[in-house]
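Structural overview
So you can see what is in the structure, the chains are spelled out below.
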Amino acid sequence: EAAGGPSVASQWYGYYTVLSSANDVLKAINRGTCFDTNCTTNNTLTSRNKAIAKMLQGMAYAGIALVYDQGFSVDSTGNPSALAFSPRAEVRDSALAKFNQAFTEAGLKTWATPTEWMGVGAGTVYTNVQIQQLIRTMQAELLAMFPRDIGENTAVATSNWGQVAT
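Residues numbered from 1 in each chain as written. Predicted model: local features only at pLDDT ≥ 70, side-chain atom pairs only at ≥ 80, totals over all residues. Heavy atoms only, no water.

The next thing to look at is the overall build of the protein. Looking only at helices and strands, one finds six helices and two strands in the protein. Its helices and strands in sequence order give the protein the pattern α-α-β-β-α-α-α-α, from N to C terminus. Taking all 166 residues of the protein together, 36% fall into the buried category. Sequence separation of at least 24 residues holds for 60% of the intrachain contacts in the protein that already meet a minimum separation of 6. Total accessible area computed for the protein in this model is approximately 9100 Å², and 56% of it derives from carbon and sulfur atoms. (Helix = DSSP H or I, 4+ residues; strand = E, 2+ residues; numbered from the N terminus. Buried < 20%, exposed > 50% of the residue type's maximum accessible area, 1.4 Å probe, protein only. Contact = heavy atoms within 4.5 Å. Areas by Shrake-Rupley, 256 points an atom, 1.4 Å probe, with all protein chains shown as cover.)

Below you can see the structure in the form of structure tokens.
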């Protein structure tokens, strides 16, 4: 922080704020919250929101795994009162698993994001196929950026790059 970078604490809490919000959306969906007019006839928006929430879980875990030596792997199904630190490799693996779940969910329906979803300036719409491409890009980046030493680099080299490339 003395060099002018972001503080350790602000990144930590930022990642867990995103994770907590994504978990809340998924808990609500699992309890029956529907984002469509009538989920008995159409659940496209609910499926979209589930895919985006899972992607955000993966993004939060990825950030934690890249920045910290350990972190908490708690999702919408876990018990937050039983938290224990996990090594960064396990947090990375949680990120990859969430990205895979998000990729699958994003492929179930055809949808697009609203124009105001993707940040400053708005106006850009992303389809479910583009979100799937983004998810695969984030997986590749996580694998490429993760190694801190030769042992971790060797482990990445034996990872399933074919799946990420696809």
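Past the structure itself, the notes keep going.
Tallied over the entire structure, the rule returns one disulfide. Bridging cysteine 34 to cysteine 39, the disulfide has an S-S length of 1.8 Å. The chirality of the disulfide connecting cysteine 34 with cysteine 39 is right-handed, given an S-S dihedral of about 95°. For cysteine 39, a relative accessible area of 32% puts it in the partly exposed group. (Disulfide = S-S within 2.5 Å.)

Turning next to the packing of aromatic side chains. Inspection of every chain in the model, using the stated rule, returns six aromatic pairs. Each ring, one from tryptophan 12 and one from tyrosine 68, has its centre 5.0 Å from the other, and the planes form 85°; the classification is edge-to-face. A residue pair is termed long-range when its members are at least 10 positions apart, and tryptophan 12 in helix 1 (residues 8–30) and tyrosine 68 in the loop between helix 2 (44–67) and strand 1 (70–71) qualify at 56 residues. In this structure tryptophan 12 comes out as buried when scored by relative accessible area, which is 16%. Its relative accessible area of 11% is what places tyrosine 68 among the buried residues. (Phe/Tyr/Trp six-rings, centres within 6.5 Å; stacked < 30°, edge-to-face > 60°.)

This part takes up helix 2. Its 24 residues give helix 2 an end-to-end C-alpha distance of 35 Å, which sits within 8% of 34 Å, the value for a rise of 1.5 Å per residue. For helix 2, a buried count of 18 out of 24 residues is recorded, marking the element as mostly surrounded by other parts of the structure. (Expected span 1.5 Å × (residues − 1).)

Moving on, we come to the confidence of the model for the protein. Of all residues in the protein, 83% have pLDDT values of 70 or greater, and the mean over the chain is 86. Of all secondary-structure elements in the protein, the lowest mean pLDDT belongs to helix 6 (residues 161–165), at 58, while helix 2 reaches the highest, 96. (pLDDT = per-residue confidence, 0-100.)

Moving on, we get to the nonpolar core. Judged by nonpolar contacts, the single largest core of 27 residues is most densely connected at Met55, Phe99 and Ile135. Going through the elements one at a time, helix 1, helix 2, helix 3 (88–106) and helix 4 (128–145) are the ones with two or more residues in this core. In terms of residue count, helix 2 provides more of this core than any other element does, eight residues in total. Those residues within four positions of methionine 55 in sequence are excluded, and the remaining contacts are Phe99, Ala102, Ile131, Leu134, Ile135 and Met138. (Core = buried A, V, L, I, M, F, W, Y, C linked by side-chain atoms within 4.5 Å.)

A full pass over the atoms with the stated rule returns two salt bridges. Where arginine 92 meets aspartate 93, a salt bridge forms, and the shortest distance between an N and an O atom there is 3.0 Å. With a relative accessible area of 38%, aspartate 93 lands in the partly exposed category. (Salt bridge = Lys/Arg side-chain N within 4 Å of Asp/Glu carboxyl O.)

Turning our eyes to something else, we now look at the environment of phenylalanine 103. Checked against the element boundaries, phenylalanine 103 lands in helix 3. For phenylalanine 103, a relative accessible area of 23% gives the class partly exposed. If we skip the residues at most four places from it in the chain, phenylalanine 103 touches Gln132, Ile135 and Arg136.

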